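Residue-level structure breakdown
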There are 2 protein chains.
Amino acid sequence: MRADAMAEPYPVTTLETDALEVARLLAKERLPGIVVTDADGRPHSILGAAQVVRFLVPSYMREDPSLAAVVDESFADRAADALSGVPVGRLLTERPVELPVVAPDDTILEVAATMDRTRCPLVAVVVNDQVTGVVTASRLLEFALLKP
Amino acid sequence: MRADAMAEPYPVTTLETDALEVARLLAKERLPGIVVTDADGRPHSILGAAQVVRFLVPSYMREDPSLAAVVDESFADRAADALSGVPVGRLLTERPVELPVVAPDDTILEVAATMDRTRCPLVAVVVNDQVTGVVTASRLLEFALLKP
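Residues numbered from 1 in each chain as written. Chains lettered and ligands numbered in written order. Predicted model: local features only at pLDDT ≥ 70, side-chain atom pairs only at ≥ 80, totals over all residues. Heavy atoms only, no water.

Now for the overall build of chain A. Summing up its helical and strand segments, chain A has eight helices and seven strands in all. Overall size of chain A, expressed as C-alpha extent along the three principal axes, is 55 × 35 × 25 Å. Relative to its 148 residues, chain A shows a buried fraction of 51%. Long-range contacts, defined as pairs at least 24 residues apart, comprise 57% of the intrachain contacts of chain A with a sequence gap of at least 6. About 6,800 Å² of surface is accessible on chain A, with carbon and sulfur atoms providing 49% of the total. (Helix = DSSP H or I, 4+ residues; strand = E, 2+ residues; numbered from the N terminus. Buried < 20%, exposed > 50% of the residue type's maximum accessible area, 1.4 Å probe, protein only. Contact = heavy atoms within 4.5 Å. Areas by Shrake-Rupley, 256 points an atom, 1.4 Å probe, with all protein chains shown as cover.)

As a further point, take the relation of the copies chain B and chain A. The operation relating the pair of chain copies consists of a rotation about an axis and a translation along that axis. Note on the copies: chain B fits chain A at an RMSD of 0.0 Å, the axial shift is 0.0 Å, and the rotation between them is 180°. Such a combination of turn and shift is consistent with a two-fold rotation axis. Across chain B, the smallest distance between a C-alpha and the rotation axis is recorded for Pro32(B), namely 4.2 Å. With an isologous cut-off of 70% or more, the 100% of interface residues of chain B that recur at the interface of chain A puts this contact in the isologous class. (Least-squares fit on C-alpha atoms with pLDDT ≥ 70 in both.)

With 54 residues of chain B at the interface, the matching set in chain A holds 54 residues. Where chain B abuts chain A, roughly 4,400 Å² becomes buried across the two surfaces, and 68% of that area is made up of carbon and sulfur atoms. It is Arg30(B), Leu109(B) and Leu145(B) that lose the most area in chain B upon contact with chain A, and together they represent 16% of the buried surface on that side. One can count eight salt bridges joining chain B with chain A. Of all elements in the fold, only α2 (19-29), α3 (49-56), α4 (59-63), α5 (67-70), α6 (75-83), α7 (108-118) and α8 (137-145) of chain B reach the threshold of two or more residues within the side of chain B that touches chain A. It is α8(B) that provides the largest number of residues to the side of chain B that touches chain A, a total of nine residues. (Buried area = accessible area lost by both parts, 1.4 Å probe. Salt bridge = Lys/Arg side-chain N within 4 Å of Asp/Glu carboxyl O.)

Averaged over all residues, the pLDDT of chain A equals 89, while 98% of them reach at least 70. Quick note on the complex model: pTM equals 0.86, ipTM equals 0.87. (pLDDT = per-residue confidence, 0-100.)

Before going further, it helps to examine the environment of Tyr60(B). Residues and elements named next belong to chain B. Following the sequence through the fold, Tyr-60 ends up in helix α4. On the accessibility criterion, Tyr-60 (44% relative accessible area) is partly exposed. Along the chain, Tyr-60 and Ser-138 lie 78 residues apart, while their C-alpha atoms are 37 Å from each other.

As a further point, take the pattern of salt bridges. Taken as a whole and judged by the stated rule, the model has 20 salt bridges over all chains. Ionic pairing is found between Arg42(B) and Asp38(B), a salt bridge with its closest N-O pair at 3.2 Å. Residue classification places Arg42(B) among the partly exposed positions, given a relative accessible area of 35%. With a closest N to O distance of 3.2 Å, Arg42(B) and Asp40(B) form a salt bridge. Linked through salt bridges whose partners overlap, the residues forming this network are Glu8(A), Arg139(A), Glu142(A) and Arg30(B).

Residues and elements named next belong to chain B. Counting buried positions over the five residues of strand β2 (residues 33-37) gives five, a clear majority of the element. Burial along β2 is two-sided: Gly-33, Val-35 and Thr-37 and Ile-34 and Val-36, pointing in opposite directions, are all buried. Both strand β1 (residues 12-14) and β2 contribute to a ladder of three bridges, which runs parallel. Note on β2: the bridge partner recorded for Val-12 is Val-35. Bridge analysis of β2 against strand β3 (residues 43-48) gives five bridges, and the strand direction is antiparallel. Pairing of Val-36 across the sheet is with Ser-45, part of β3. Between β2 and β3, which pair antiparallel and follow one another directly, the connecting turn spans five residues, one of which, Gly-41, has a positive phi of 85°. (Pairing = 2+ DSSP bridges.)

A few words now on the pairing of strand β6 (residues 122-127) of chain B. Residue and element names in this part refer to chain B. Counting buried positions along β6 yields five of six residues, so the element is predominantly enclosed. As paired elements, strand β5 (residues 101-102) and β6 share two bridges and run parallel to each other. Residue Val-101 lies in a different strand from β6, and its bridge partner there is Ala-124. In this view, the connection linking β5 to its parallel neighbour β6 by way of α7 has right-handed handedness. Bridge analysis of β6 against strand β7 (residues 130-136) gives six bridges, and the strand direction is antiparallel. What sits directly across from Val-126, in β7, is Val-131. Hairpin remark: β6 followed by β7, antiparallel, with two residues in the connecting loop; positive phi at Asn-128, about 50°. (Right-handed = clockwise from strand over helix to strand, strands pointing away.)

Rendered as structure tokens:
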């Protein structure tokens, strides 16, 4: 089993895309995350939906979580404003989750070992510096356990 | 917006369930993870599909990843055998990902702050020690950005 046979298309965004647009896509498609590339389409990292949520939590609340219980509910009101005009790159946390990369002819075992090593549930299949598809952990299990 | 209005049913397993059964469910439903409870149904942790993959990578390969490229492809052959008869609890890594918990009447902001604090993209809504549903990060974004 080659990596490209397991790979699936996966939504991709760039570091410069408007964060509100990306957050709406994550919400609408109920995606756990999206692949982020640089302006040249080279894989950069993953933006998880949880990182978007994190960006929306005010910093004073991070220091005193008990405030979340007493503050007036303005989360939904603030959310779109907070994301609008912000490039995706600003939402990536201090240490962005580096997107692990495999070659199209890597074996299922190489993909699994890469997932293991990087502790990342998504691996990008890359040809000529471009992301051609993604293998998720559950997709890999599908090929390991369900395909004859 | 209350936590229970956002919560959705989410597949649940226990620490004692056979790992092969759970891995097949993750593969078949293409789930990124599953909620693990103890024998009494109390929330314990999350088992991500990537942790199952990790369990399937032989330890000698973890020490020398280059071996993955040269070893004969036996991953799919070994996978079902390696998981069969193993309780889910054994697949949880050294430090299991603790499942963050909220009350049904917690606000969207409290759920977001909990997600932020725990760095976990899944939050369980718990009533009387039982998981009644789960809020994912993308679900939370849906309510923050798409629901009027």
